[in-house]
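# Close look at the chain arrangement
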Amino acid sequence: QVQLVESGGGLVQAGGSLRLSCAASGRTFSSYSMAWFRQALGKEREFVAAISWSGDSTYYADSVKGRFTISRDNAKNTVYLQMNSLKTEDTAVYYCAASGWRSDAVSLAYEYDYWGQGTQVTVSS
């Protein structure tokens, strides 16, 4: 079992930055592919970014490419999402996800079997 706890969300003005963190329990964190998804009010959950178990492969949604960066520290069992140049359309609950059976960076929600509770990000104009 893996437990994921997100932190770092909050209220920020458009153009600003936030860094989300996702702390994972479990000794096998380094073997998990990790990702961030988000869900805006009234919309379906969507993929944001993913990172392979080793951290040498990443994948981004077109909407965040060039603005967001996913990274991981396997020694700290933590994955990060650095969000720069935030836009009002980035407002959503952001979820961390872990895949116990995929090692590469994948974008499909069904590939991930562990999910955090989410952290709210609100970008004001």
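Just above, that's the structure.
Here is a short report on the structure shown in this document.

Scoring rules and cut-offs
- Residues numbered from 1 in each chain as written.
- Predicted model: local features only at pLDDT ≥ 70, side-chain atom pairs only at ≥ 80, totals over all residues.
- Heavy atoms only, no water.
- Helix = DSSP H or I, 4+ residues; strand = E, 2+ residues; numbered from the N terminus.
- Buried < 20%, exposed > 50% of the residue type's maximum accessible area, 1.4 Å probe, protein only.
- Polar contact = N/O pair within 3.5 Å; in protein donor to acceptor, adjacent residues only side chain to side chain.
- Core = buried A, V, L, I, M, F, W, Y, C linked by side-chain atoms within 4.5 Å.
- Pairing = 2+ DSSP bridges.
- Axes fitted to C-alpha atoms, helices over the stretch in contact; angles between N-to-C directions.
- Salt bridge = Lys/Arg side-chain N within 4 Å of Asp/Glu carboxyl O.

### Digging into the environment of Trp 115
Looking at the element boundaries, Trp 115 is found in strand E10 (residues 114-115). Looking at Trp 115, the relative accessible area reads 27%, which means it is partly exposed. Between the C-alpha atoms of Trp 115 and Gln 3, which are 112 residues apart in sequence, the distance is 7.6 Å. From its side chain, Trp 115 meets the backbone oxygen of Tyr 112 in a polar contact 3.3 Å long.

### Remarks on the nonpolar core
In terms of nonpolar packing, the biggest core is built from 38 residues, with Leu 4, Met 34, Trp 36, Leu 81, Met 83 and Tyr 94 touching the most fellow members. Elements with a contribution of two residues or more to this core: strand E3 (18-24), strand E4 (33-39), strand E5 (46-51), strand E7 (68-73), strand E8 (78-83), strand E9 (92-99) and strand E11 (119-124).

### Topic: the sheet that holds E8
Here we have 4 strands laid out as an open sheet, ordered E1-E3-E8-E7, and antiparallel in their pairing. In this open sheet, the two edge strands, each paired with only one partner strand, are strand E1 (4-7) and E7. With strand direction ignored, the average angle separating the axes of adjacent strands in the sheet is 15°.

### Quick look at the pairing of E4
Counting buried positions over the 7 residues of E4 gives 6, a clear majority of the element. By the bridge criterion, 7 bridges tie E4 to E9 in an arrangement that is antiparallel. Of the residues in E9, the one forming a bridge with Ala 35 is Ala 97.

### Quick word on the pattern of salt bridges
As enumerated under the stated definition, the model contains 6 salt bridges in all. The closest approach of N and O atoms between Glu 46 and Arg 38, which form a salt bridge, is 2.6 Å. Glu 46 gets classed as partly exposed once you look at its relative accessible area, which sits at 34%. On the basis of relative accessibility, which here comes to 5%, the residue Arg 38 falls in the buried class. Put simply, Asp 90 and Arg 67 hold a salt bridge, and the shortest N to O gap is 2.7 Å. Here the residue Asp 90 occupies a position in the loop between E8 and E9, and Arg 67 occupies one in the loop between strand E6 (58-60) and E7, the gap between them amounting to 23 residues. Comparing Asp 90 with Arg 67 shows no difference in burial state: the two are buried. Members of the salt-bridge network, linked through shared partners, are Arg 38, Glu 46, Arg 67 and Asp 90.

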